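# Commentary on secondary and tertiary structure
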Amino acid sequence: MFEIEQASNVRKEWSFFIDKVLHEKPAIIKRRRDSIAVFSLEHLKTLISGVKFQVELKQEKDETWTAILKDIELAVNANTKQKTLDLLAKDLMDYANEYMDEFEVYYRSRNRKNHFPYIVKVLLQKDQKAVLDLLDA
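Residues numbered from 1 in each chain as written. Predicted model: local features only at pLDDT ≥ 70, side-chain atom pairs only at ≥ 80, totals over all residues. Heavy atoms only, no water.

## Remarks on the sheet that holds strand E5 (residues 65-69)
How we decide: Two strands form a pair only when DSSP identifies at least two bridges running between them. For the purposes of this entry, the term helix denotes a DSSP run of H or I that reaches at least four residues, the term strand denotes a run of E that reaches at least two, and both are numbered from the N terminus.
Read from one edge of the open sheet, four strands run E6-E5-E4-E7, paired in mixed fashion. In this open sheet, the two strands that pair with only one neighbour each are strand E6 (74-78) and strand E7 (135-136). The pairing of E5 with E6 spans five bridges and is classified as antiparallel. Within the sheet, the bridge partner assigned to Thr66 lies in E6 and is Asn77.

## Thoughts on the pattern of salt bridges
Threshold: Counted as salt bridges are all cases of a side-chain nitrogen of Lys or Arg within 4 Å of a carboxyl oxygen of Asp or Glu. Residue exposure (1.4 Å probe, protein chains only): buried if accessible area is under 20% of the type maximum, exposed if over 50%, otherwise partly exposed.
Per the counting criterion, the structure on display carries six salt bridges. For Glu3, the salt bridge identified is with Lys25, shortest N-O distance 2.8 Å. Of this pair, Glu3 sits in the segment before strand E1 (4-6) while Lys25 sits in the loop between helix H2 (14-23) and strand E2 (27-31), and the two are 22 residues apart along the sequence. Take Glu3: its relative accessible area is 31%, and that puts it in the partly exposed class. One continuous salt-bridge network, built from bridges that share partners, spans Glu3, Glu5, Lys20 and Lys25.

Following this line, the structure appears as structure tokens:
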């Protein structure tokens with residue numbers, strides 16, 4: 001079971017609390033009726049390590065390429081396979097940023113709530129090349 005820390009105690013011992021989370025284990029902070037989980041970036045990366053980006057890639061009759069990101073239902077089309085994947089990575093980054101900019105809307109939407117782990121994984125990448133490397137095409 002997670003340790004539940006009261007917000008007032010965490011506030012008093014902030015540095016100690018952060019060190020404990022970073023070097024020992026995640027924790028939960030409770031303030032009145034609300035609770036939040038606190039964990040290191042390393043822990044977060046472990047949580048989303050199983051998130052995979054499955055891409056359906058096919059060549060069309062007109063010789064263009066279409067890529068469909070299955071779990072997010074994002075689709076792109078371009079003249080070459082590489083351009084298609086590059087475009088998909090860029091669109092995925094744009095979508096991740098839009099999702100976070102409009103988090104209240106996207107997260108509360110039934111058909112987009114489950115996108116959140118994918119969004120987090122994309123946002124933790126350094127650049128478009130790193131996002132491209134996530135795509136399993």
